[in-house]
Amino acid sequence: QDMSGVLKEGFLIKRGHIVHNWKARWFVLLQDKLLYYKLNGGRKEHSPKGRIILDGCVITCPCLEYENRQLVIKLKTKTNTEYFLESCSREERDSWAAGHPAQAQQLHRMKNSFKLPSNISLNHIVDKMHDNSNGIKLTPNTEQGNTYKESFTGSALVDWLISSNFVASRYEAGTLSSMLIDENFIKPVGARSTEAMRNGDLSEQFLDDSTALYMFTFPVTTFFHLAESSKRKLSSKEELSLHILELSGTIIKQGYLVKQGHKRKNWKVRRFVLRADPAFLHYYDPTKEENRPVGGFSLRGCLVSALEDNGVPSGVKGNVQGNLFKIITKNDIHYYIQASSKAERAQWIEAIKRLT
């Protein structure tokens, strides 16, 4: 395959066509098609498992059809086949979607042209936001040590407004969100969004940002938090507070990497999230629905180093593609991780070193 025209490549989590389970696949975006490959023992297979022809393809981004997968892009081909592809971060998701010209036209619309259609009121939108099944998803978010139980991020609200067809662009969604604040339907919580309120003029009061937090002004009592926490089966309060502390740091970097298993030594794609204050590296199984880490460790006292590509380093099994690095924790547990390029490996090592 001639790969000279590659526009972008990387891991995405793809929903299966027949059985709707989610699998990590290596995607390669060309001018007219998107190819995807299976990973076998830490190496992508020689020929693609499938091709998505982009001509006449309709893209939906953000696509919020999956409650537990907030970063999905939906593609619908000319033959009406639907593909659901999940990315590891908003930036990545938008970067994959941006290759599509239809999106760009939306952004060039006149700035202040936004007006709500006469048949839709803010009340109507807020009612829809509260809807149990299709409303905005409320989650506990932590900023600077404070947890806001039923909150949502600025970007999540924008995603929701676009996918609910109330607005056509992120810009319009920002204007509409400012109106919701103005009319006291939602309020900023936490330093980031409160600060913006004080400083900005109307157009900058609301932040389309995944670190700016907002809540409904009139709290909604929901039961799903109770259901969520009972699923966790934590043995004690201490364990819960420790877990919350581990995950309370600022996200510095996140992305898909391939990790060697401890016991069976097989290579699996994991979503890695690096956090500071406290410094932890957690990894998640992107094929699973629940958003809790399958593993993680404190970076204090860790050693991280690149592994040479010539020959197979000791401790490494399988026919890997290279770009390996190794982390040894303070308790002498060895993690072998594979990045998809030398540059990506260098970025991860650099980011981890700063926190060790």
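Residues numbered from 1 in each chain as written. Predicted model: local features only at pLDDT ≥ 70, side-chain atom pairs only at ≥ 80, totals over all residues. Heavy atoms only, no water.

Per an unreviewed UniProt entry, the recorded name for the chain is Pleckstrin 2, and the organism is Pelodiscus sinensis.

**Remarks on the side chain of Asn141**
Cut-off, in case you're wondering: Here a helix means four or more residues in a row that DSSP labels H or I, a strand means two or more in a row labelled E, and each is numbered from the N terminus. Polar contacts, as counted here, are pairs of nitrogen or oxygen atoms within 3.5 Å of one another; within protein the pair requires one atom able to donate a hydrogen and one able to accept it, and residues that are adjacent in sequence qualify only if both atoms are side-chain atoms. Pairs of residues are marked as contacts when any of their non-hydrogen atoms sit within 4.5 Å.
Take Asn141: it is sitting in strand β10 (residues 139-143). Only 3.3 Å separates the side chain of Asn141 from the side chain of Thr139, close enough to count as a polar contact. A polar contact is formed between the side chain of Asn141 and the side chain of Ser151, at a distance of 3.0 Å. Sequence-distant contacts of Asn141, that is, excluding residues within four places in its chain, are made with Asn146, Thr147, Tyr148, Ser151, Phe152, Thr153 and Leu213.

**Some remarks on helix α3 (residues 122-130)**
Put simply, the test is: Residue exposure (1.4 Å probe, protein chains only): buried if accessible area is under 20% of the type maximum, exposed if over 50%, otherwise partly exposed. Relevant arc is that of directions from the helix axis to the C-beta atoms, nothing else.
Listed in full, the buried residues belonging to α3 are Leu122, Ile125, Val126 and Met129. Projected down its long axis, α3 carries its buried residues within an arc of 95°, all on one side. In this structure, the buried side of α3 is in contact with β11 (146-153), α4 (154-163), α5 (170-182), β12 (186-189) and β13 (213-216).

**Some details on the state of the cysteines**
Definition in use: In this description, a disulfide is simply a cysteine sulfur pair whose atoms lie within 2.5 Å.
The final tally for this structure, using the stated rule, is 0 disulfides. Between Cys61, a cysteine without a disulfide, and Cys63, which holds the nearest cysteine sulfur, the sulfur-to-sulfur distance is 8.7 Å. Residue classification places Cys61 among the buried residues on the basis of a relative accessible area of 12%.

**Examining the packing of α3 against α5**
For clarity, the cut-off: In this description, a line fitted to the C-alpha atoms serves as the axis of each element, helices being fitted only across the stretch in contact, and the angle between N-to-C directions of two axes falls anywhere from 0 to 180 degrees. Orientation categories follow fixed angle ranges, with anything under 35 degrees roughly parallel, anything over 145 roughly antiparallel, 65 to 115 roughly perpendicular, and all other angles oblique. Nonpolar residues are Ala, Val, Leu, Ile, Met, Phe, Trp, Tyr, Cys and Pro. Charged residues are Asp, Glu, Lys and Arg, and all others, Gly as well, are polar.
Orientation of α3 relative to α5, taken along the N-to-C sense of each, is 95°, at an axis distance of 11 Å. The pairing of α3 with α5 is recorded here as roughly perpendicular in orientation. Taking contact as the criterion, the partners of Leu122, Ile125, Val126 and Met129 in α3 are, on α5, Leu176, Met179 and Leu180. For the contact of α3 with α5, a count of residues per class yields 7 nonpolar, no polar and no charged.

**Focus: the packing of α3 against α4**
At a minimum axis distance of 12 Å, the contact between α3 and α4 shows a crossing angle of 105°. Here α3 is positioned roughly perpendicular relative to α4, judged by the angle of their axes. Side by side, α3 and α4 meet where Ile125, Lys128 and Met129 of the first sit next to Leu157, Trp160 and Leu161 of the second. In the contact of α3 with α4, the residues fall into 5 nonpolar, no polar and 1 charged.

**Some thoughts on the sheet that holds strand β16 (residues 280-284)**
Using the following cut-off: Between any two strands, at least two bridges found by DSSP are needed for them to pair.
Strand order across the open sheet formed by 7 strands is β17-β16-β15-β14-β20-β19-β18, with antiparallel pairing between neighbours. The open sheet has two free edges, formed respectively by β17 (295-298) and β18 (303-306), since each of these has just one partner strand. Across the sheet, the mean angle separating the axes of adjacent strands is 30° when strand polarity is ignored. Note that strand β14 (residues 250-260) and strand β15 (residues 267-276) share 10 bridges and pair antiparallel. Note on β15: the bridge partner recorded for Gln260 is Trp267.

**Focus: the packing of aromatic side chains**
Selection rule: Two aromatic rings from Phe, Tyr or Trp, using only the six-membered ring of Trp, form a pair when their centres are within 6.5 Å; if the ring planes differ by under 30 degrees the pair is stacked, by over 60 it is edge-to-face, and anything between is tilted. Either the NZ atom of lysine or the CZ atom of arginine qualifies as a charge over a ring when it sits within 6 Å of the ring centre and within 35 degrees of the ring normal.
Across all of its chains, the model carries 11 aromatic pairs by this definition. Relative to Tyr214, the ring of Phe206 lies with its centre 4.9 Å away and its plane at 35°, an arrangement referred to as tilted. Ring plane angle 35° and centroid distance 5.4 Å describe the contact between Phe272 and Tyr283, whose orientation is recorded as tilted. Taken together, the residues Phe272 in strand β15 and Tyr283 in strand β16 connect sequence positions 11 residues apart. Among the residues examined, Tyr283 registers a relative accessible area of 7% and is labelled buried. Following the ring pairs from residue to residue traces out a cluster consisting of Phe272, Tyr283, Phe297, Tyr335 and Trp348. Over the aromatic face of Tyr284 sits the side chain of Arg271, whose NZ or CZ is 4.5 Å from the ring centroid.

**Describing the side chain of Glu86**
With respect to the helices and strands, Glu86 occurs in strand β9 (residues 82-86). Using a relative accessible area of 10% as the deciding quantity, one classes Glu86 as buried. Here Arg69 takes part through its side chain, which lies 2.7 Å from a polar atom of the side chain of Glu86. Those residues within four positions of Glu86 in sequence are excluded, and the remaining contacts are Leu12, Ile13, Trp22, Arg69, Gln70, Leu71, Val72, Tyr256 and Pro286.

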